[in-house]
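Descriptive analysis of the structure
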Amino acid sequence: MNLQSASREQLQAFEAELSQQYDTYQAAGLNLDLTRGKPSTEQVALSNNLDGILSGNYFAADGTDLRNYGGLDGLPEMKQLFADTFGLDASSIAIAGNSSLTLMYQSVMFAQHFGLGAEAWNKEEGEVKFLCPVPGYDRHFSICEELGIAMIPVAMNENGPLMDEVEALIKADPMIKGIWCVPRFSNPTGCVYSAEVVGRIAALGKIAGKGFKVFWDNAYAVHVLNDNAEELTSITDCAKDAGTEDNILLFGSTSKVTFAGAGVAFLAAASPALSAFKKHLAISSIGPDKVNQQRHIDLLKDAEGFKRHMAKHAVILKPRFDIVEKHLSEGLAAAGIATWLKPEGGYFVSFDSMPGLAKEVVAMAAKAGVKLTPAGATYPYGDDPLDTNIRIAPTYPAIEDIDQAMGIFVTCVKLASVRKLLSA
Ligand SMILES: Cc1ncc(COP(=O)(O)O)c(C=O)c1O
């Protein structure tokens, strides 16, 4: 039943019923956690063959001794593996360390202080700013906060950021030097940027100030829940057509493919940005972990092997996402008090309550033993102006725990909404 059109008596009856249910949950003293956007133990175990896979052979195909220094920007076979999997040119790739987030942090810092194929942002008068499509990834926002970059939120829909707004802001302010994008299975909405949006983002360099960069964080590029999941248009192809290749920095890693924390990460860019990045990298490192790169080459082998490996993740993840969707649709679809997207990949479900209720729902769930990501975390400065967005992360907990936690979550949403409607 649609709660928005329910009578006062009906709402009062619901309130009594839901309160009772909520009290039962509270009394149960549960301890469930839907905050962790990380792979489950079952998922990381899919890559246990990394251990010992080299069988004592520490030499790469070209004879490089993997154990020694050198090979700053990665083994050629690892670059080719990423190139084939992500639809890139191997010569545009630099591999460094295990964390793409570190490469993003370094890229922002290098662009700010030294310039990445353009003048350093800090040399210009005025405050450096980034556009932040919202809801978005809190760690992108933390990078900006740490480095003193002002953030301008821009709304998104199921096709990606609202491009009329993005273009107007960029045209009006040459100190907007970057935009964060998670283009496929966005964190947290799960949307895939449409071909039109990708094309328009690729062309932003034509209207932006000097040294503008698109931070294309393709963290979930291959993390599909089903074979027919929507594909992402190639931004590098669009940028080639638009003549804006210098404006694109693309990132990815195997963190949620093999071992989170012991994977391989890369940056892809056109030179001179790529060569500038490598120059600074060479100051801070004598060489990456090539042993781990070779282990990944041997485990995943090629783009098809990559895909086969991701299909095994999907088998583990799909039932988890299905149970979230089941609770939301059965509990809330008819109630008219919430919206959410049904992602075809990625790690999250993004949930929007009635305005002004997200913090309340998170607090209520916590009291009933369900930990959720703090409301507001998906917005710059932790400030969700409408207080609606809640990020649900179903990958890590056991299915039974998700089932139980989502039952409680739905009760909290309904109870908070009914109380709000009664107080109106
Ligand atoms: C959008 C996004 N980018 C980057 C990362 C982190 O990637 P990495 O492990 O390669 O640093 C995450 C992890 O959750 C993420 O959601």
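The rules behind these values
- Residues numbered from 1 in each chain as written.
- Predicted model: local features only at pLDDT ≥ 70, side-chain atom pairs only at ≥ 80, totals over all residues.
- Heavy atoms only, no water.
- Domains from an automatic or database assignment.
- Contact = heavy atoms within 4.5 Å.
- Buried area = accessible area lost by both parts, 1.4 Å probe.
- Salt bridge = Lys/Arg side-chain N within 4 Å of Asp/Glu carboxyl O.
- Near = heavy atom within 4 Å.
- Polar contact = N/O pair within 3.5 Å; in protein donor to acceptor, adjacent residues only side chain to side chain.
- Areas by Shrake-Rupley, 256 points an atom, 1.4 Å probe, with all protein chains shown as cover.
- Nonpolar A, V, L, I, M, F, W, Y, C, P; charged D, E, K, R; others polar.
- Phe/Tyr/Trp six-rings, centres within 6.5 Å; stacked < 30°, edge-to-face > 60°.
- Helix = DSSP H or I, 4+ residues; strand = E, 2+ residues; numbered from the N terminus.
- Lys NZ or Arg CZ within 6 Å of the ring centre and 35° of its normal.

Remarks on the domain arrangement of the protein chain
- Domain annotation for the protein chain reports domain 1 (3-43 + 307-423) and domain 2 (60-301).
- If you average the C-alpha positions of domain 1 and of domain 2, the two centres end up 31 Å apart.
- Contacts between the two partners involve 25 residues from domain 1 and, on the opposite side, 31 residues from domain 2.
- Each partner contributes to the roughly 2400 Å² buried at the junction of domain 1 and domain 2, and carbon and sulfur atoms together form 66% of this total.
- Among the residues domain 1 hides against domain 2, the three largest losses belong to M310, E344 and Y381. Together they make up 26% of the total.
- On inspection of domain 1 and its partner domain 2, the count reaches zero salt bridges.

Let's talk about the site of the ligand
- As a matter of local geometry, the ligand sits amid S99, S100, L101, Y137, V182, N187, D217, A219, Y220, S253, S255 and K256.
- Between a nitrogen atom of the ligand and a side-chain N or O atom of D217, the distance comes to 2.5 Å.
- Between the ligand and S255, the relevant distance is 2.6 Å, taken from an oxygen atom to a side-chain nitrogen or oxygen of the residue.
- In the complex, 89% of the free accessible area of the ligand, which totals 400 Å², lies under the protein chains.
- Broken down by class, the residue content of the shell around the ligand amounts to five nonpolar, five polar and two charged.

Re the packing of aromatic side chains
- Evaluation of the coordinates by the stated rule reveals 15 aromatic pairs.
- Ring geometry for F86 versus F266: centroids 4.9 Å apart, planes at 75°, classification edge-to-face. With F86 in helix α3 (residues 76-86) and F266 in strand β9 (residues 265-269), this residue pair connects regions lying 180 residues apart in the sequence.
- The ring of Y396 has K38 lying over it, and the distance from NZ or CZ to the ring centre is 4.8 Å.
- Above the ring of Y347, the side-chain terminus of K256 is found at 5.9 Å from the ring centroid.

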